[in-house]
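Analysis of the macromolecular model
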Amino acid sequence: MLGSWPQDELPNLNAANCEVKSEATNSYNCVAWAAGENFRNWWPDPFMTGYWPPNVRREETIQAFILAYGTMGFKLCFDGTLEPGIEKIALYGNGQRGAEVPTHAALQLNSGQWTSKLGPLEDINHTTVEAVTGPIYGKVICYLSRLRPCRQN
Amino acid sequence: MRQIIYAKAGAALQKDFSKLMPSTLYITPALAIPLVQGAYNRFLMAEQDDNRQGDTTYSYFEAVDPFLVAPHLQITLATQPPVEDWLKFKNLVSQWRRERGARSSITEVATCPAYQSIIGMGEVAVGFILAELELESGDPDQWFWALRAITGADPVSDEDRGNYRRMARSWLQWAQENGYAW
């Protein structure tokens, strides 16, 4: 068994392309994890449950997510190719082209692998950005990048 | 005559149980306590002297397992509310956790059918949710949408949003201040 997620929700994950890196926890979600946080959940839900950066529209659109990561210095970039000194985030979404609803975010590591927090479950490293695509996270909609801070991996 | 009084109550319970809200006290003349493990966490024994009608003295004990302190009691599974509500709630919680799977979206998770059914239980679910929050104190789950939907309250400060431990503390404090027992 890889982890506690339902295999049919993430059918592209397998023992060869992912590694479980933490216990399951509700303390943070993928959006926070990609932003470098592990103590709160980010989400622009209408009931004000999740954290959302001040002065960013609290709406579940790709544009609002781009603006939210923009508060941390991320800007749209062309693709998820590993570039020295550059940190990248992949934003995932489901729905009609141009009106996708955000579902997930993954952060690229120095190694070129990606790290994802799977909802309330574990966080994992996955070899490709496509490994977490599927029915619940949909597909990669866009990539964001910034200069890599000195902190991680 | 011996009566068993059992209470669905939280840490705020005082030995003087007259301070409890009436809705949290259930009284039965039977020797069997309708009990499901975890549904009730405080038990009150009432001893009434038959020769002095109306003169009732009470002793109080607290236990997760009343067998430990009152081995003569017959413990049976109750089929009447509120235990029925508690069983319904626990089943919905299990169903919700299956339904949400690995979803990250707070909105998607809170609009799962089982979570909406918990909200649909209304006020009766609040005590159960508060008990869950207290049990999960190290890693509370996302109960805040439901609490806000049912009660209309929002005791969480903006800087604590998303931080479930702090949000749980704020809600438990609010609940105590507003007379909820769990």
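Residues numbered from 1 in each chain as written. Chains lettered and ligands numbered in written order. Predicted model: local features only at pLDDT ≥ 70, side-chain atom pairs only at ≥ 80, totals over all residues. Heavy atoms only, no water.

Digging into the overall build of chain A
- Looking only at helices and strands, one finds two helices and seven strands in chain A.
- Each helix (α) and strand (β) of chain A, taken in turn from the N terminus, gives the series β-α-α-β-β-β-β-β-β.
- For chain A, whose C-alpha radius of gyration is 14 Å, the value lies close to the compact-globule estimate of 15 Å for 153 residues.
- Taking the principal axes of the C-alpha coordinates as reference, chain A spans close to 40 × 35 × 30 Å.
- For chain A, the exposed surface amounts to about 6800 Å²; the carbon and sulfur share of it is 55%.
- Within chain A, the 15 negative side-chain charges are centred at a point lying 8 Å from the centre of the 12 positive side-chain charges. (Helix = DSSP H or I, 4+ residues; strand = E, 2+ residues; numbered from the N terminus. Rg over C-alpha atoms; globule rule 2.2 N^0.38 Å. Areas by Shrake-Rupley, 256 points an atom, 1.4 Å probe, with all protein chains shown as cover. Lys, Arg positive; Asp, Glu negative; His and termini not counted. Charge placed at Lys NZ, Arg CZ, Asp CG, Glu CD.)

What to know about the overall build of chain B
- Helices and strands together make up the secondary structure of chain B, namely six helices and six strands.
- The N-to-C order of helical and strand elements in chain B reads β-β-β-β-β-β-α-α-α-α-α-α.
- The 182 residues of chain B split such that 50% are buried.
- For chain B, the exposed surface amounts to about 8900 Å²; the carbon and sulfur share of it is 50%. (Buried < 20%, exposed > 50% of the residue type's maximum accessible area, 1.4 Å probe, protein only.)

A closer look at the sheet that holds strand β6 (residues 123-126) of chain A
Residues and elements named next belong to chain A.
- If you walk across this open sheet you meet the seven strands as β1-β6-β5-β4-β3-β7-β2, and the pairing is antiparallel. Each having just a single partner strand, β1 (18-20) and β2 (75-77) make up the two edges of the open sheet. Each strand of the sheet is rotated relative to its neighbour by a mean of 35 degrees, with strand direction disregarded.
- Those strands touched by helix α2 (residues 62-70) are β2, β3 (86-94), β4 (101-108) and β7 (139-147), and its axis lies near 160 degrees from that of β3. (Pairing = 2+ DSSP bridges. Axes fitted to C-alpha atoms, helices over the stretch in contact; angles between N-to-C directions. Contact = heavy atoms within 4.5 Å.)

Remarks on the interface of chain B and chain A
- Facing the 25 residues of chain B at the interface are 31 residues of chain A.
- It is Ala102(B), Ser104(B) and Arg161(B) that lose the most area in chain B upon contact with chain A, and together they represent 26% of the buried surface on that side.
- In this structure, the connection of chain B to chain A is made through one salt bridge.
- Among the salt bridges present, the one from Arg103(B) reaches Glu9(A), with a minimum N-O distance of 3.2 Å.
- Here chain B is connected to chain A by 14 residue pairs in polar contact (both at pLDDT 80 or more). (Buried area = accessible area lost by both parts, 1.4 Å probe. Salt bridge = Lys/Arg side-chain N within 4 Å of Asp/Glu carboxyl O. Polar contact = N/O pair within 3.5 Å; in protein donor to acceptor, adjacent residues only side chain to side chain.)

Thoughts on the nonpolar core
- Counting residues in each nonpolar core, the largest one holds 61 residues, and the members touching the most others are Tyr69(A), Leu91(A), Tyr115(B), Ile129(B) and Trp143(B).
- Of the residues forming this core, the biggest block, seven residues, is contributed by helix α6 (residues 164-177) of chain B.
- Beyond its immediate chain neighbours, meaning those up to four positions away, Tyr115(B) contacts Trp96(B), Val109(B), Ala110(B), Gln142(B), Trp143(B), Phe144(B), Trp145(B) and Ala146(B).
- In this structure, Leu13(A), Val129(A), Ile136(A) and Tyr137(A) belong to the second largest nonpolar core, which totals 18 residues. (Core = buried A, V, L, I, M, F, W, Y, C linked by side-chain atoms within 4.5 Å.)

Points about the pattern of salt bridges
- Applying the stated rule across the entire model yields 18 salt bridges over all chains.
- Where Glu87(A) meets Arg146(A), a salt bridge forms, and the shortest distance between an N and an O atom there is 2.8 Å. Here the residue Glu87(A) occupies a position in strand β3, and Arg146(A) occupies one in strand β7, the gap between them amounting to 59 residues. Comparing Glu87(A) with Arg146(A), the two get one shared label, buried.
- Salt bridges sharing partners connect three or more residues here, namely Arg97(B), Arg100(B), Glu136(B) and Asp141(B).

Regarding the pairing of β3(A)
Residues and elements named next belong to chain A.
- For β3, the buried fraction is high: eight of the nine residues fall into the buried class.
- With eight bridges connecting them, β3 and β7 associate as antiparallel partners. Each bridged residue has a counterpart across the sheet, and for Ala90 the counterpart in β7 is Tyr143.
- Bridge count between β3 and β4: six bridges; the pairing is antiparallel. Along β4, the bridge assignment pairs Gly93 with Pro102.

Observations concerning the pairing of strand β5 (residues 114-117) of chain A
All names here are of chain A.
- Residues Trp114 and Ser116 point to one face of β5 and Thr115 and Lys117 to the other, with burial holding for every one of them.
- Two strands pair when backbone bridges link them, and β4 and β5 are joined in this way by two bridges, in the antiparallel orientation. Across the sheet, Leu107 pairs through a bridge with Thr115, a residue of β5.
- Counted between consecutive antiparallel strands, the loop separating β4 from β5 contains five residues, among which Gly112 sits at a positive phi close to 95 degrees.
- Here β5 pairs with β6 via four bridges, running antiparallel. Within β6, the residue paired with Thr115 across the bridge is Asn125.
- Between the end of β5 and the start of β6, which pair antiparallel, lie five residues, with Gly119 showing a positive phi angle near 55 degrees.

These figures come from the coordinates and say nothing about function on their own.
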